[in-house]
Amino acid sequence: MDFLSNLISGLSLGSIYALIALGYTMVYGIAKMLNFAHGDIIMVGAFAVIVCINTCGLPVWLAAVVSILCCIVLGVLIERIAYKPLRRSAPLTVLITAIGVSYLLQSVAQLVFGSEMHSFPKVISMPTIQIGELTIKGNALVTLVVSAVIMVVLTLFIGKTRMGKAMRAVSEDKDAAELMGINVNKTISVTFAIGSALAAVAGIFYGSTYGFIGPYTGSMPGIKAFVAAVFGGIGSIPGAMLGGLALGIIENLSKAYISTELSDAIVFGVLIIVLLFKPTGLLGKKIKEKV
Amino acid sequence: MQMLNVENINVYYGQIHAVKDVSFEVNEGEIVCLIGSNGAGKSTVLKTVSGLLRSRTGCISFMGRDISKTEAFRLVSAGLAHVPEGRRIFLQMTVEENLQMGGYTAGKETDARIRDVYERFPRLKERRNQIGGTLSGGEQQMLAIGRALISAPKLLMLDEPSMGLAPILVSQIFEIIKELHAAGTTILLVEQNAEMALKIADRAYVLESGRIALSGSGADLARSDAIKKAYLGG
């Protein structure tokens, strides 16, 4: 039973990674860039909740909405101002810009909120559930369920809707998509908006899970989610979900049964091993083209 | 009536001057061909017309409207469709999804037009749920043309539709072009296969290193000695 509860909290942590990894993978798929500022959006989302609840006294749901909207606006602005002018530049230029944006967000947060950790308000009031010997934390359960719903909705959106299909078309071939009448710039903005909204949700769950937020809080889950995206196959949406969940489970089980100190090393070790045998990640595919 | 008028365009790739003072026109109901060897600038001309590239000078007008500054995606609903070189279908999307993308701006008409395309190309219907990347070269070309037809274009621009296809498929593609033309679509065709292209062309332009070297009716050009030597193998 102990194992099962560890597995469930691993899944819950993993679904946070998955939400962030989705943003990485969608942006990579469509803009062919690694948005290393993505992790810091989580931190901005979490701080937005802190300000909304502690300073403005807003109810939890409204704080969540405001936080999501802030992150959407921020994500779209970052793309427009920092990345769009570099769309035809070398990948390294874009990568360095993304790292710069990441530091910028961290520094601005430090300027505004100071470098100390802030306690995150209690936004999830679900009690711990006890079924026989199985203990499930309310927080973990809510995280898991909400993330699952988001992932199902996102999968349907990408697979079935007009905009979702346009996103796939743009990620495959921008010029061809443009020739179909698809507004490529708008589609890229929508992708950044969705990724940032998911990061905001992840930020709220991350804050509720760990209880504290600081200006650098976004970088570690950001990097792990990036690892999850690569692990699952960067560019692949089911890959990001699978990679995120796998990472959360590996991390939590290593913490529980091997060593808390070594858990991160184990997580990254697994990534290295997977990439040795499957360089495109678990679900990453090389499409074979018939001529 | 003049449908497309291109006047004095100059297109650069960085320092490279790829298209030099090119002017030509396409009248409603015509099949016009741009022929020329590899690297002559044919594809660049088409990309500039469809808005993927910009000319530094001159003017492009389509149906009487200046489109030289219009974004590419807006031209589709204006009636301009461009089947790019190398087909460029979406390899990871199904045949049907590819066709749906062709109807991105066509709204409610899309489903009916997809049915029309299936009627014209029954092979695509058989493979409607297959991923684009699994189609053969000829099927991909049919999909690329079918996809462009979903927007019900007034002017269809085809860039090397015969490239990489077996001779029997090349004739099939040219038959399809003739049928589309007979059904009322104006066609601007870029081809390296000058022999086939000149046979169906009302008029043709010959591009040589970025400039228009010759122009005339398809039949006249097919008889011209210079053309025979350079493009028709004797």
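For the structure, check the block above.
Please read these numbers as outputs of a predicted model, since none were measured by experiment.

Considerations on the nonpolar core
Counting residues in each nonpolar core, the largest one holds 84 residues, and the members touching the most others are A:Leu22, A:Tyr83, A:Phe120, A:Ile182, B:Phe90 and B:Met101. With residues near it in sequence (within four places) discarded, A:Leu22 still touches A:Met151, A:Leu154, A:Leu198, A:Ile237, A:Ala240 and A:Met241. Listed in part, the 43 residues of the second largest apolar core include B:Val117, B:Leu124, B:Ile176 and B:Ile177.

Here's the deal with the pattern of salt bridges
All names here are of chain B. Scanning the entire structure with this criterion turns up 18 salt bridges over all chains. A salt bridge links arginine 120 to glutamate 179, with the nearest nitrogen and oxygen atoms 3.1 Å apart. With arginine 120 in helix 4 (residues 109-120) and glutamate 179 in helix 7 (residues 167-182), this residue pair connects regions lying 59 residues apart in the sequence. Overall, the relative accessible area of 33% leaves arginine 120 in the partly exposed class. Notably, a salt bridge pairs arginine 123 with glutamate 139, separated by 2.6 Å at the nearest N-O pair. Taken together, the residues arginine 123 in helix 5 (residues 122-126) and glutamate 139 in helix 6 (residues 137-149) connect sequence positions 16 residues apart.

A closer look at the layout of surface pockets
Residue and element names in this part refer to chain A. Here the second largest pocket defines a volume of roughly 750 Å³. Lining the second largest pocket are 30 residues, with Arg87, Arg88, Lys174, Val184 and Asn185 sitting closest to its centre. Broken down by element, the residue count for the lining of the second largest pocket peaks at four residues, all from helix 4 (residues 91-113). Class assignment for the residues of the lining of the second largest pocket results in 16 nonpolar, four polar and 10 charged.

What to know about the packing of aromatic side chains
Residues and elements named next belong to chain A. If you walk through the whole model with that rule in mind, you get eight aromatic pairs over all chains. Residues phenylalanine 47 and phenylalanine 113 carry aromatic rings whose centres are separated by 4.0 Å and whose planes lie at 5 degrees to one another, so their mutual orientation is stacked. Separated by 66 residues along the polypeptide, phenylalanine 47 in helix 2 (residues 38-55) and phenylalanine 113 in helix 4 bring together distant segments of the chain. The class of phenylalanine 47 is buried, set by a relative accessible area of 2%. Owing to a relative accessible area of 23%, phenylalanine 113 belongs among the partly exposed residues under this scheme. Ring geometry for tyrosine 206 and tyrosine 210: centres 4.7 Å apart, planes at 45 degrees, overall tilted.

Considerations on the sheet that holds strand 5 (residues 65-66) of chain B
All names here are of chain B. Sheet architecture is open: four strands sit in the order 2-1-4-5, paired in antiparallel fashion. The strands lining the two open edges of the sheet, one partner per strand, are strand 2 (16-27) and strand 5. Here strand 4 (residues 59-62) runs beside strand 5; their pairing, made up of two bridges, is antiparallel. If you follow phenylalanine 62 over to strand 5, its bridge partner there is arginine 65. Its contacts with the sheet put helix 1 (residues 42-49) on strand 1 (2-13), strand 2 and strand 4, and the angle it makes with strand 1 is roughly 115 degrees.

Side note on the interface of chain A and chain B
Opposite the 24 residues of chain A that make contact, chain B presents 27 residues. Across the chain A/chain B interface, buried area totals approximately 2500 Å², and carbon plus sulfur atoms make up 59% of it. Linking chain A with chain B are three salt bridges, by the criterion used here. Note that A:Arg168 and B:Glu97 form a salt bridge whose closest N and O atoms lie 2.9 Å from each other. There are seven residue pairs in polar contact (both at pLDDT 80 or more) connecting chain A and chain B. Every element with two or more residues in the side of chain A that touches chain B is listed here: helix 6 (162-172) and helix 7 (174-179) of chain A. Counting residues per element, the side of chain A that touches chain B draws most heavily on helix 6 of chain A, at seven residues. Counted by class, the side of chain A that touches chain B contains 10 nonpolar, three polar and 11 charged residues.

Looking at helix 6 of chain A
Of the positions making up helix 6 of chain A, those classed as buried are A:Met163, A:Gly164, A:Lys165, A:Ala166, A:Met167, A:Ala169 and A:Val170. Each element contacted by the buried residues of helix 6 of chain A is listed here: helix 1 (2-31), helix 5 (138-160), helix 7 and helix 8 (184-210) of chain A together with helix 3 (95-102) of chain B.

Notes on the sheet that holds strand 7 (residues 155-159) of chain B
Residue and element names in this part refer to chain B. If you trace the six strands from one edge of the open sheet to the other, you get 6-7-8-3-9-10, paired in mixed fashion. In the strand order of this sheet, the two ends are held by strand 6 (80-83) and strand 10 (211-217), each with one partner. Adjacent strand axes in the sheet meet at a mean angle of 15 degrees, parallel and antiparallel pairs treated alike. Pairing of strand 3 (residues 31-35) with strand 8 (residues 186-191), which is carried by five bridges, proceeds in the parallel orientation. Across the sheet, cysteine 33 pairs through a bridge with leucine 189, a residue of strand 8. On top of the sheet, helix 6 reaches strand 6 and strand 7; it is set at about 170 degrees to strand 6, its chief contact. The strands that helix 7 touches are strand 3, strand 7 and strand 8; relative to strand 8, the one it contacts most, it runs at about 155 degrees.

Reading the values: rules and limits
- Residues numbered from 1 in each chain as written.
- Chains lettered and ligands numbered in written order.
- Predicted model: local features only at pLDDT ≥ 70, side-chain atom pairs only at ≥ 80, totals over all residues.
- Heavy atoms only, no water.
- Core = buried A, V, L, I, M, F, W, Y, C linked by side-chain atoms within 4.5 Å.
- Buried < 20%, exposed > 50% of the residue type's maximum accessible area, 1.4 Å probe, protein only.
- Contact = heavy atoms within 4.5 Å.
- Salt bridge = Lys/Arg side-chain N within 4 Å of Asp/Glu carboxyl O.
- Helix = DSSP H or I, 4+ residues; strand = E, 2+ residues; numbered from the N terminus.
- 1 Å grid on protein atoms, 1.4 Å probe; cavity = no way out; pocket = protein on both sides within 12 Å on 5 of 7 lines; lining within 4 Å.
- Points joined across faces, edges and corners; volume = space filled by probe spheres on them.
- Nonpolar A, V, L, I, M, F, W, Y, C, P; charged D, E, K, R; others polar.
- Phe/Tyr/Trp six-rings, centres within 6.5 Å; stacked < 30°, edge-to-face > 60°.
- Pairing = 2+ DSSP bridges.
- Axes fitted to C-alpha atoms, helices over the stretch in contact; angles between N-to-C directions.
- Buried area = accessible area lost by both parts, 1.4 Å probe.
- Polar contact = N/O pair within 3.5 Å; in protein donor to acceptor, adjacent residues only side chain to side chain.

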